[in-house]
Amino acid sequence: MVVGAQARDVDTIIIGSGPGGYVAAIRAAELGQKVTIIERDEIGGVCLNIGCIPSKALINVGHHYREAISETPFGLETENVTLDWSKTQSWKQNTVVNTLTSGVKLLLKKHHVDIIKGEATFNDNETVNIVQDDGHELLQFNNAIIATGSRPIEIPSMPFGDRIIDSTGALSLEQIPEKLIIVGGGVIGSELGGVYANLGTKVTIIEGLDHTLNGFDHEMTKPVLDDFKKQGGEVVTSATAKSAVQTADHVTLNYEVDGKEQSVTGDYLLVAVGRRANTDAIGLNNTDVKLTERGVIDVAENMQTRVPHIFAIGDITAGPQLAHKASFQGKIAAAAISGDKQARDLHYSLPAVAYTQFELATTGEDLETIKSDNLEVKISKFPFAGNGRAISMDDTTGFIRLISDKKTNALLGAQIVGPSASDLISELSLAIENGLTTNDISLTIHPHPTLGEAIMDTAELADGLPIHI
Amino acid sequence: MTEIFTMPDIGEGMAEGDITSWLVKVGDVVAMDDPVAEVQNDKLLQEILSPYAGKVTHLYVDAGTTVEVGDPLIEFDGSGTPDTGSDEKTVVETTAPSSEDEVPLVTSDDTTQMVKVANGHVLAMPSVRHLAFEKGIDLTTVTPTGRHGHVTLSDVESFNKENVSESQAVAPVEVATQQGTKPNDITPKAPEVLHEGRQPMTPTRRAIAKAMGAQNATIPSVTNFDSVEVSKLVAHRSSFKAQAQADGVRLTYLAYAVKALAATAKKFPEINASVDMDTNEIIYHEDVNMGIAVNAPSGLYVPVIMHADQKSILTIAKEIVELSEAVREGSITSQQMRGSTITISNLGSARGTWFTPIINGKEVAILGLGTIVKEPMIDENDDIVVGQNMKLSLSYDHRLIDGMLGQAALNYLKQLLADPAYMLMEV
Ligand SMILES: Cc1cc2nc3c(=O)[nH]c(=O)nc-3n(C[C@H](O)[C@H](O)[C@H](O)COP(=O)(O)OP(=O)(O)OC[C@H]3O[C@@H](n4cnc5c(N)ncnc54)[C@H](O)[C@@H]3O)c2cc1C
C-alpha cells in the first residue's frame, strides 16, 4: 500500500465490465449488494466493443454484400452494387456497439452500480489500487469478482504494428483489403476471414494444426471450407508461421510447411492464434489467489478462488473463452457473494458457435468425446436439404446431428451446420440440460415451415420413425 | 431397421429377473404386444410383451439366465416402435400440496431404477439438480419417478423424508416407530389412509419392503438372544450423565453399546465383514463404521458413525444426537448414511426386549438393543436380588459366522457392557 494512502471502504468490487463482469454486477446488485465496477477501457469489455458484437455486425454485412452480388436462382437481379465501407464502420461503431454499451451503462446505473474508470491491481487480499488518468485511488473491499478477460496473443517474431494486426485491428480496417493473410484458423480467424472473403478479399489462412475450426468435426467444417475456397480463399494447414516483414503498404509472412519455407504477401496480416488470460498484470502475486498451470485462475464450482471472498469468472478461468460462459459464471459468483451457499455451476452442456459462412454450432457431447469415452450412443443426422423452410430460403447446406443415449434416448449432444445454427442450438441445449429424450423432442409440436422442424425430423429419425427422410 | 428390445422393469424397481422361458425363437415374426418371454423376479412370474413388431433376428440370452434391467434381450428387424410409454408403464404422478412437510403422493409402476445415461449424467432438470445440491443429496441415490427415469422435483423434495436406500432400511426399528410414536407421526399429512382396499406403498415402504425381502431371502441369519446385568453401567452413566450434559452431550446407553460393539468388532473381525458369493470371498473391513437405525416420522434411516472404534464414548454420544436430529429434521445427507460395516438397532427406548433384527446392507451382523429391565437374579451368596438386565439380540450371517463364534462375540460384548471399566482396559 502506498504510504499515507487512505483506502476507501466499498462492499463488492468487480474488475472488468465484459459479459462476465457487467452481468455479475447487475445480478449482485439485484441480490442486494452494493457494487462498484472498475473498467480501464470501455464498458462491455471485449465482447461488446471489439469481439462478438462488432464481428457479427461485419459478418452480416459480408452476407448481404455477397448475396447482392451473387446470382439468385429466383430471378432477382441487382446491378452496380457498391459498399460504402466507411458507412459500414460507422454503423458498426455508432449504432451497433454504442447502442449496446450505452444500454449496459444504463442498466448498471439503474442498479446503482458505481462505475470507476481505471486500471485495477490488487495490493493484497483486501485492497485494490486503481490507476486513473488523473491519479489513483485505493479501495478496500469486502468481496471481489475478477473478470478481466483476455487479450490477443502476440507472436514475438511478428509484433502487432501497422500491417500486422489483431482481431481488433481487423474489425476496424479503414479499407477492405485486397489480400489478407491470417495466421490461425480458429473461430476468430475463420469468422473474420469469412467476412473479408465475402467482401471480395483474397484471404489466406495459415494454420498450425491439420485442420481449421478446431472444436468442430470435419463433417461440419467441410461445407465451410469448400465455400471458403470457392470464394478464392486458401487454407494451408500443418504450417508454422515463422516471421513477418512489413513495409509501408504490404506485409510478407514466412512460414514452413512440410519442411519447406514459403512466403505469402498481403495488405495485412491478422494474427489470431488465441487469447491470453489477463491474469498477469493485476497484482495477483500480492494476493493468495492461485493460478493453474495454464495461467488461468483456479476456481471452485461457485467461482471462488483460494481467497474465500475473491471470485473469478470468464476468460480468466479454465474452459472455452466464450461470452455466454462468462455471463453464466458471473451470475453464479454474484449469487455466491450474496450469501447463496448453493450457487454452483452444475451445467451439462456449454454450446459453442462459429459464425462462418455456414454457421456451426455444437452443444453437449461431440463426436470426439463419444469416441474417446466410448459412449454408447445413437447418432441421427438430418440434412437441411429435406427442410421446407431451408428450401424456400435457398439455404439448404448443412445438417442437424443428434447424439442420444442408446438405452434411454436422452439427448447428450447435438451439432448443427447451416442456416440459423446459432439460434437453433439453444433448443438442443435446453433438451440436454433437462434430460429430454429424442422422443420428447419429436412429441413437441414445431411450427411449420421453420428450420426448427429439422430438429424434430432428426429426433424422429433417432426414434426410428422419420417422416421427411 | 434393427431394433433391440432390452429387459424392461416389470415390477416395482426390479433390478433383474430370470428369463424362465422364451416364447419366441429366431425367425419368428411378432406383432407389437405379443408375449415374447416369461420372466421371474423376486415376486412374480410374468410375461413380457414386445414393444416392437418385426422378425426376431437374435436372442441375446438363453432361457434360465438372469438378466439385468436394460440389458439387451431380443434383436428385431422390422418396423420399430420405440419402447416408450407403452400402456403397462403408465406413470401416475400426483404432486401433493406444496407445504414443506407434506409428503407427495407418488404412485408409479415405472422404473425405480436410477437412470444414468452414457456420459454419466442423471436425468434431471437443472432446478432439480440444484435443489438436490442444496439439500446435499447425491442425485444418483434418489429413486426417480419421472417419465423415462427422470428424477423429479418432488423426488428430491421428498427424499429426506421419503427415501431410504435399500441398504439403509432395517425393519425392526420400524416396529419401534410404530410402538413409540403416535400413528399420526408415522405419516404426517400423508395420503389419506384407507382402511380397506388397496393402497399403494409409499416409496419408503417399498424400499424397506424390497430391502427386507432381499436380505431375508439371501442371508441365512441366526439370532442369539442374551441379556447382561448392567448395574455398573447404569451407575457409570448416572455419574457421568450430568457432566456430559454440562458439556452439551446427552449420554445414552446406545453410546456405550456402540463403543462396546465397535470393540467387539475389532476383536472378532468376522462380524465386521461382508460376503461376496460371486467370488467366494470374505471382505474384512478395516474400519468399524457403525450404522445407527434411527426412526423419523416418515420412516427409518441408518446414519453412520464412522470409525466408531476410534472415538470416545462422549464423541459417539454427541454424534448420535447430531445424526438423530439431522434425521428428524430431514437434513440428513446420503453421505452421512453411507459406509456402515455393522449396525445397531435400538428398541430399548421403545421398551422393546428381544427381537430378530434383519442384517443391514452388505453387512454380516446387527445388534438389537433391548430395554434394561429390573429382574430378580441370584447373586454369589445365592440370595435373590434385584438385577438390571439389558436385552441383547445379535443377528449374524450364518454363511460366515457359526453359532459358537456368534456367541463368543456376544459374550465379549456382554463383558464390556457389564463393566464399563472393562471398556477402558480393552478398547
Ligand atoms: C473478434 C472476437 C469475436 C468473438 N466472438 C465471440 C462470439 O461470437 N461468441 C462468444 O461467446 N465469444 C466470442 N468472443 C469471445 C468473447 O469476447 C469473450 O469470451 C468474452 O468477452 C469474455 O468475457 P469476460 O467478461 O471474461 O472478459 P472481457 O470481455 O475480455 O472483458 C474484460 C474487461 O476487463 C477489463 N480489464 C482487464 N484488466 C483490467 C484491470 N486491471 N482493471 C480494470 N479493467 C480491466 C478489460 O478492459 C475488459 O473490458 C469473441 C472474441 C473476439 C476477440
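Model, not experiment: these values are computed from the prediction.

Novice: Just checking my understanding: could you explain the confidence of the model for chain B for this structure?
Specialist: Atom-level detail of predicted coordinates should not be read off regions where pLDDT is low. Residues and elements named next belong to chain B. Of the residues in chain B, 77% have a pLDDT of 70 or more, and the chain-wide mean is 78. A low-confidence stretch, residues 80-112 (pLDDT under 50), is modelled with 69 contacts involving residues beyond four sequence positions or located in other chains. Throughout residues 161-195 the model reports pLDDT below 50, and contacts reaching past four residues in sequence, or to other chains, amount to 86 contacts. This prediction of the complex comes with two scores: 0.63 for pTM and 0.71 for ipTM.

Novice: What should I look at first to understand the packing of helix H3 (residues 52-69) of chain A against helix H6 (residues 187-198) of chain A in this one?
Specialist: If you want to describe how two helices pack, look at the angle between their axes and the distance between the axes. All names here are of chain A. Across the interface, H3 lies against H6 with an axial gap of 8 Å and an inter-helix angle of 30 degrees. The orientation of H3 with respect to H6, classified from their angle, is roughly parallel. Where H3 crosses over H6, the handedness of that crossing is left-handed. Contact with H3, carried on its side by Ser55, Lys56, Leu58, Ile59, Gly62, His63, Tyr65 and Arg66, involves Glu191, Leu192, Val195, Tyr196 and Asn198 of H6 and no other residues of that element. The class makeup of the residues in the contact of H3 with H6 is six nonpolar, four polar and three charged.

Novice: In this structure, what is going on with the site of the ligand? I would like to understand it.
Specialist: Residue and element names in this part refer to chain A. Among the 39 residues in the neighbourhood of the ligand, the closest are listed as Gly20, Glu39, Lys56, Asp315 and Ala323. With respect to the ligand, the backbone of proline 19 contributes an N or O atom lying 3.5 Å from an oxygen atom. Glycine 20 places a main-chain nitrogen or oxygen 2.8 Å from an oxygen atom of the ligand. Sorting the residues of the shell around the ligand by element identifies strand S2 (35-39), helix H2 (45-50), H3, strand S4 (119-122) and helix H8 (323-337) as the ones contributing at least two each. It is H2 that contributes the most residues to the shell around the ligand, four residues altogether. Class assignment of the residues belonging to the shell around the ligand gives a composition of 15 nonpolar, 16 polar and eight charged.

Novice: Looking at this model, I keep getting lost on the sheet that holds strand S8 (residues 72-77) of chain B. Mind explaining?
Specialist: Neighbouring strands of a sheet are bound in pairs by backbone hydrogen bonds; such pairs are parallel or else antiparallel. Residues and elements named next belong to chain B. Reading across the sheet, the four strands line up as S1-S8-S6-S3 and stay open at both edges, with antiparallel pairing between neighbours. The open sheet is flanked by strand S1 (2-6) and strand S3 (29-30), the only strands paired with a single partner. When S3 meets strand S6 (residues 54-59), the two strands line up antiparallel, connected through two bridges. What sits directly across from valine 30, in S6, is glycine 54.

Novice: Explain the pairing of strand S5 (residues 127-132) of chain A here, please?
Specialist: Residue and element names in this part refer to chain A. Pairing geometry for S4 and S5, over four bridges, is antiparallel. Residue pairing in the sheet places threonine 121 in a bridge with asparagine 129 of S5. Between the end of S4 and the start of S5, which pair antiparallel, lie four residues. Across six bridges, the pairing between S5 and strand S6 (residues 135-146) is antiparallel. Paired with valine 128 across the strands is leucine 139, a residue of S6.

Novice: Just to check I follow, could you spell out the interface of chain B and chain A for this structure?
Specialist: Interface size is often expressed as the accessible area that is lost when the parts come together. Residue-level contacts link 22 residues of chain B with 26 residues of chain A. A buried area of about 2,100 Å², summed over both sides, lies between chain B and chain A, and 59% of it is on carbon and sulfur atoms. Among the residues chain B hides against chain A, the three largest losses belong to Ala118(B), Arg129(B) and Phe133(B). Together they make up 26% of the total. In this structure, the salt-bridge partner of Arg129(B) is Glu433(A), at a minimum N-O distance of 2.6 Å. Applying the counting criterion to the chain B and chain A interface returns seven residue pairs in polar contact (both at pLDDT 80 or more). Here the residues of the side of chain B that touches chain A sort into 11 nonpolar, eight polar and three charged.

Novice: Would you mind going over the pairing of S1(B) with me for this structure?
Specialist: Working note: regular strand, side chains alternate between the two faces of the sheet. Residue and element names in this part refer to chain B. Here S1 shows a buried face lined by Glu3 and Phe5 and an unburied face lined by Thr2, Ile4 and Thr6. In terms of strand pairing, S1 meets S8 through five bridges, oriented antiparallel. Within S8, the position partnered with threonine 2 by the bridge is aspartate 77.

Rules used in this analysis
Just so you know, the residues in each chain are numbered from 1, in the order the chain's sequence is written. For this description, chains carry letters from A and ligands carry numbers from 1, given in the order in which they are written. Local features are withheld for residues below a pLDDT of 70 in this predicted model, meaning they are given only at 70 or higher, and side-chain atom pairs are given and counted only at 80 or more; totals for whole chains, interfaces and linings count all residues. To obtain the side-chain values, all non-hydrogen atoms of the structure were used and water was disregarded. Each residue carries a pLDDT score, the predictor's confidence in it, ranging from 0 to 100. It only takes one pair of heavy atoms within 4.5 Å for two residues to be counted as in contact. Axis definition: a line fitted to C-alpha atoms, limited for helices to the stretch in contact. Angles are taken between N-to-C directions and run from 0 to 180 degrees. A run of DSSP states H or I qualifies as a helix once it reaches four residues; a run of E qualifies as a strand once it reaches two. Both are numbered from the N-terminal end. Angles are sorted into four bins: roughly parallel if under 35 degrees, roughly antiparallel if over 145, roughly perpendicular if 65 to 115, and oblique for all others. Crossing handedness: left-handed means the near helix sits turned counterclockwise from the far one by under a right angle, and right-handed means the same turn made clockwise. Residue polarity follows a fixed list, in which Ala, Val, Leu, Ile, Met, Phe, Trp, Tyr, Cys and Pro are nonpolar, Asp, Glu, Lys and Arg are charged, and the others, Gly among them, are polar. Near is defined per residue: the residue qualifies when any heavy atom it owns lies within 4 Å of the molecule or strand. Within 3.5 Å is the distance limit for a polar contact, defined as a pair of N or O atoms, with the added protein rule that one can donate a hydrogen and the other accept it, and that residues adjacent in sequence qualify only through two side-chain atoms. Strand pairing is assigned whenever DSSP identifies at least 2 bridges connecting the two strands. By buried area we mean the combined loss of accessible area, with a 1.4 Å probe, across both parts when two parts are placed together. Throughout this description, the term salt bridge denotes a Lys or Arg side-chain nitrogen within 4 Å of a carboxyl oxygen of Asp or Glu. Each residue is assigned to one of three classes by its accessible area relative to the maximum for its type, calculated with a 1.4 Å probe on protein chains only: buried under 20%, partly exposed between the two thresholds, exposed over 50%.

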